[in-house]
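The primary structure of each chain is shown beneath.
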Amino acid sequence: MTEVLVPPTLGVVASIGDLAEGRDWLDALPGLIAELRDGWALRLGAPWTGGSCSWVAPAELPDGRPAVLKISWPHPEMMGEAAALRVWHGHGAVTLYAHDGVRHALLLEQADPGTTLGDSDGLPAEERLLIAAGLLNRLWSAPVADPGGFDLLSHVTARWAGLIEQRMARLRPGFDPGLVALGARLLRELPTTAARRVLVHGDVNPGNILAARREPWLVIDPKPMVGDPGYDPWKLVEQIDDPFRHPDPAAVLRRRFALFGEVTGEDPARLAAWAAARRVEDSLWWVSRGNPPSHRAMAEAAILASIAGL
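Every value quoted in this text rests on a predicted model; they were computed, and no experiment measured them.

So, how was this worked out
Residues numbered from 1 in each chain as written. Predicted model: local features only at pLDDT ≥ 70, side-chain atom pairs only at ≥ 80, totals over all residues. Heavy atoms only, no water. Pairing = 2+ DSSP bridges. Helix = DSSP H or I, 4+ residues; strand = E, 2+ residues; numbered from the N terminus. Expected span 1.5 Å × (residues − 1). Buried < 20%, exposed > 50% of the residue type's maximum accessible area, 1.4 Å probe, protein only. Polar contact = N/O pair within 3.5 Å; in protein donor to acceptor, adjacent residues only side chain to side chain. Contact = heavy atoms within 4.5 Å. Phe/Tyr/Trp six-rings, centres within 6.5 Å; stacked < 30°, edge-to-face > 60°. Salt bridge = Lys/Arg side-chain N within 4 Å of Asp/Glu carboxyl O.

## Let's talk about the sheet that holds strand β7 (residues 198–200)
Here's step 1: One open sheet holds the three strands; their spatial order is β6-β10-β7, and the pairing between them is mixed. Strands with a single pairing partner mark the edges of an open sheet, and in this sheet they are β6 (151–152) and β7.
Here's step 2: Alignment of β7 against strand β10 (residues 225–227), held across three bridges, turns out to be antiparallel. Bridged to Val200 within β10 is Met225.

## So, helix α10 (residues 268–288)
What sets the pattern is the α-helix's 3.6 residues per turn: residues three or four places apart point alike.
Here's step 1: A rise of 1.5 Å per residue sets the reference length of α10, with its 21 residues, at 30 Å; its end C-alpha atoms lie 30 Å apart and thus fit the reference within 8%.
Here's step 2: Most of α10 sits inside the fold, with 15 of its 21 residues counted as buried.
Here's step 3: Regarding α10, its N-cap is Asp267, as a side-chain oxygen of that residue lies 3.1 Å from the backbone nitrogen of Ala269 further along.
Here's step 4: After α10 finishes, the residue Gly290 shows a positive phi value of roughly 90°.

## Points about the environment of Asn208
Here's step 1: Mapping Asn208 onto the fold places it in the loop between β7 and β8 (209–211).
Here's step 2: Sequence spacing of Asn208 and Ile220 is twelve residues, and the spatial spacing of their C-alpha atoms is 5.2 Å.
Here's step 3: Once residues within four sequence positions are removed from consideration, Asn208 is found in contact with His201, Asp203, Leu218, Val219, Ile220 and Asp221.
Here's step 4: Separated by 2.9 Å, the side chain of Asn208 and the backbone oxygen of Asp203 make a polar contact.

## Notes on the pairing of strand β5 (residues 105–109)
Here's step 1: Of all five residues in β5, five are buried; the element is thus mostly enclosed.
Here's step 2: As paired elements, strand β4 (residues 96–100) and β5 share four bridges and run antiparallel to each other. Note that in β5 the partner of Leu96 across the bridge is Leu108.
Here's step 3: Counting the residues that bridge the hairpin from β4 to β5 gives four residues, and of these His104 lies at a positive phi of roughly 55°.

## What to know about the packing of aromatic side chains
For any two aromatic rings, the description comes down to two numbers: the centre-to-centre distance and the angle of the planes.
Here's step 1: Inspection of every chain in the model, using the stated rule, returns three aromatic pairs.
Here's step 2: Between the aromatic rings of Tyr231 and Trp274, the centroid separation amounts to 5.5 Å while the plane-to-plane angle is 90°, which identifies the pairing as edge-to-face. In this pair, Tyr231 is assigned in the loop between β10 and α8 (234–239) and Trp274 in helix α10, connecting sequence segments 43 residues apart. A single burial state applies to Tyr231 and to Trp274, both of which are buried.
Here's step 3: Taken together, a centroid distance of 6.4 Å and an interplanar angle of 25° make the contact between Trp234 and Phe257 stacked. Pair noted here: Trp234 is in helix α8 and Phe257 is in helix α9 (residues 249–264), with a separation of 23 residues, a long-range link.
Here's step 4: Trp234 gets classed as buried once you look at its relative accessible area, which sits at 3%.
Here's step 5: Grouping aromatic residues by their ring pairs yields a cluster made of Trp160, Tyr231 and Trp274.

## A word on the pattern of salt bridges
Here's step 1: Scanning the entire structure with this criterion turns up 25 salt bridges.
Here's step 2: In this structure, Arg255 engages Glu126 in a salt bridge whose closest nitrogen and oxygen atoms are separated by 3.4 Å. Separated by 129 residues along the polypeptide, Arg255 in helix α9 and Glu126 in helix α5 (residues 125–141) bring together distant segments of the chain.
Here's step 3: Judged by its relative accessible area of 36%, Arg255 is partly exposed.
Here's step 4: The salt bridge partner of Lys235 is Asp203, with a shortest N-O separation of 2.7 Å. Taken together, the residues span a long stretch of sequence, with Lys235 in helix α8 and Asp203 in the loop between β7 and β8 at a distance of 32 residues.
Here's step 5: By relative accessible area, Lys235 is classed as partly exposed at 24%.
Here's step 6: On the accessibility criterion, Asp203 (11% relative accessible area) is buried.
Here's step 7: Within this structure, Glu238, Asp242, Arg245, Arg279, Arg296 and Glu300 form a network of salt bridges that share partners.

## Overview of unusual backbone geometry
Here's step 1: Following Asp112, the chain continues to Pro113 via a peptide bond in cis, the omega torsion being 15°.
Here's step 2: Relative to the elements of secondary structure, Pro113 occurs in the loop between β5 and α5.
Here's step 3: A positive phi angle is found at His89, which is not glycine, with a value near 50°.
Here's step 4: Mapping His89 onto the fold places it in the loop between α4 (81–88) and β4.
Here's step 5: Classification of His89 as exposed rests on a relative accessible area of 61%.
Here's step 6: The phi torsion at Asp221 lies on the positive side, around 55°, for a residue other than glycine.
Here's step 7: In this structure, Asp221 sits in the loop between β9 (217–219) and β10.
Here's step 8: Residue classification places Asp221 among the partly exposed residues on the basis of a relative accessible area of 26%.

Here it is in structure tokens:
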């Protein structure tokens, strides 16, 4: 089983294999797979190679339905996934069939054919963004009976703001100090000035929206938090294609934020402010991992701040 179901080519092996706790988890993984396979009476296929923090494989339930078995390496961001999927109850997201909290395992609906929104090249970028905005609107509309069961976005981004300041002072990457200070300030202020608080997906990007049969599109892999819905759209705007490679990036970005505003009712300028803050945070995180400073990324943050009127 070790050779078949946990090959060294898996993304999760490469991403956590250098960590002591990661190696311990990988050593235990074949046993976890066997326990879950037998406990849920599954027929398992070969694991998918993607994924940096989890083992994921197609499965067949005892009644013949296709499913997905996902076993996560324990880390804070994955802890709320099952609870979020319960809140959404299959409305715009894959259905949760079963959850083993001890083994950090999920048994999920399998999205078929499973083509990602990012790989749907036959659809224009704006059409794909409209699909994503509609899904987000549905997720954000779900009532949350126990918001205390999720991380608060305001706590997470306040911590990021502190890390931005520490990294700027320690690493001295040569970034515009005013722009860095703006990013840190936005991460602290935006969550506290939100008109509403919802259950945000936390990592909605074109690779986490899959074509399906039960519904045309379903989201997967949430890293949920409770807070400002304006946090969610940026990765979609940035990754559906690279807006900064268009001849007029600012015009493309304004149109995309306006599109999200039309569908969701969110202020486009506020969406741009969130994007600027997240671009600054990502730039300092990148340098903290030993990479050279990306002045292009900070120039992009400046464009986003300008669109936000800041």
